[in-house]
Amino acid sequence: MKSYQVIVGNIGTVLDRAGPGALAAAHATYREYCALSRDDGGHAAGEPVTMVVDGEIVKEYRPPVKLPSIKDVAALVRHVKAQVPQSDPDYIADEDDKPGIDLTIGVNTLTGEWSWQTGDNSYTGGAYGCRDWGVTRVYRATNSRECARDLINQVAELNWG
């Protein structure tokens with residue numbers, strides 16, 4: 001008798017069944033959670049959905065990921081870079097030797113909406129409400145496009161592994 005599981009990213013196993021009706025239940029559950037994953041609200045939003053039969057992956061859904069453009073993030077990095085002072089001990093982080101500013105971008109990868117904040121990203125700021133983050137430190141000599149690419153890649157890795 002075959003065993004069927006449906007697993008949803010941050011939720012875990014949502015169906016674990018064998019026997020009569022298990023195949024139909026697995027397909028129905030898989031379709032339901034794929035639809036919920038495509039939605040931009042709820043616990044399953046943006047999560048991968050996997051169907052497993054006897055321990056083998058037979059279907060996997062990964063929602064499309066929408067990211068900000070390198071051009072837009074590079075413009076932000078240039079703006080932050082212009083705020084970094086030539087020399088100011090208040091802008092020198094521990095284990096650093098030059099002034100810089102911490103920058104966090106937050107992205108809702110379902111909608112492509114994004115925001116940002118500088119400084120501490122602990123509990124407040126524009127990026128805090130977004131699902132995925134990229135974090136860096138910006139210096140006067142930072143290459144804006146390379147930094148933007150790195151920030152976007154950090155967010156992409158959270159979604160594509």
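Look up: the structure comes first, before these words.
For the structure given in this document, a descriptive report is provided here. (Residues numbered from 1 in each chain as written. Predicted model: local features only at pLDDT ≥ 70, side-chain atom pairs only at ≥ 80, totals over all residues. Heavy atoms only, no water.)

**A short note on the side chain of Thr142**
Relative to the assigned elements, Thr142 resides in the loop between strand E7 (132-138) and helix H3 (144-160). Of note is the side chain of Thr142, whose polar atom sits 2.8 Å from the backbone nitrogen of Tyr139. Excluding residues within four positions of it along the chain, Thr142 makes contact with Val77, Lys81, Arg137 and Cys147. (Helix = DSSP H or I, 4+ residues; strand = E, 2+ residues; numbered from the N terminus. Polar contact = N/O pair within 3.5 Å; in protein donor to acceptor, adjacent residues only side chain to side chain. Contact = heavy atoms within 4.5 Å.)

**Comments concerning the sheet that holds strand E5 (residues 101-107)**
Strand order across the open sheet formed by three strands is E6-E5-E7, with antiparallel pairing between neighbours. Two strands close off the open sheet at either side, each with one partner strand: strand E6 (114-118) and E7. Neighbour to neighbour, the strand axes of the sheet diverge by 20 degrees on average, direction disregarded. Bridge count for E5 against E7 is seven bridges, and the pairing is antiparallel. If you follow Val107 over to E7, its bridge partner there is Asp132. Here helix H2 (residues 70-83) sits on the sheet in contact with E5, E6 and E7, set at roughly 15 degrees to E6. (Pairing = 2+ DSSP bridges. Axes fitted to C-alpha atoms, helices over the stretch in contact; angles between N-to-C directions.)

**Looking at the environment of Ile105**
Along the chain, Ile105 falls in strand E5. Separated by 60 residues in sequence, Ile105 and Ala45 place their C-alpha atoms 20 Å apart. Those residues within four positions of Ile105 in sequence are excluded, and the remaining contacts are Leu76, Trp114, Ser115, Trp116, Ala127, Asp132, Trp133, Gly134, Leu151, Ile152 and Val155.

**A few points about the nonpolar core**
Val73, Val77, Val80, Leu103, Ile105, Val138 and Leu151 are the most contacted members of the largest nonpolar core, which totals 16 residues. Those elements that provide at least two residues to this core are H2, E5 and H3. The contacts of Val77, once residues within four sequence positions are left out, are Leu103, Val138, Thr142, Ser144, Cys147, Ala148 and Leu151. Ala22, Ala26, Tyr30 and Tyr61 belong to the second largest nonpolar core, which has 15 residues in total. (Core = buried A, V, L, I, M, F, W, Y, C linked by side-chain atoms within 4.5 Å. Buried < 20%, exposed > 50% of the residue type's maximum accessible area, 1.4 Å probe, protein only.)

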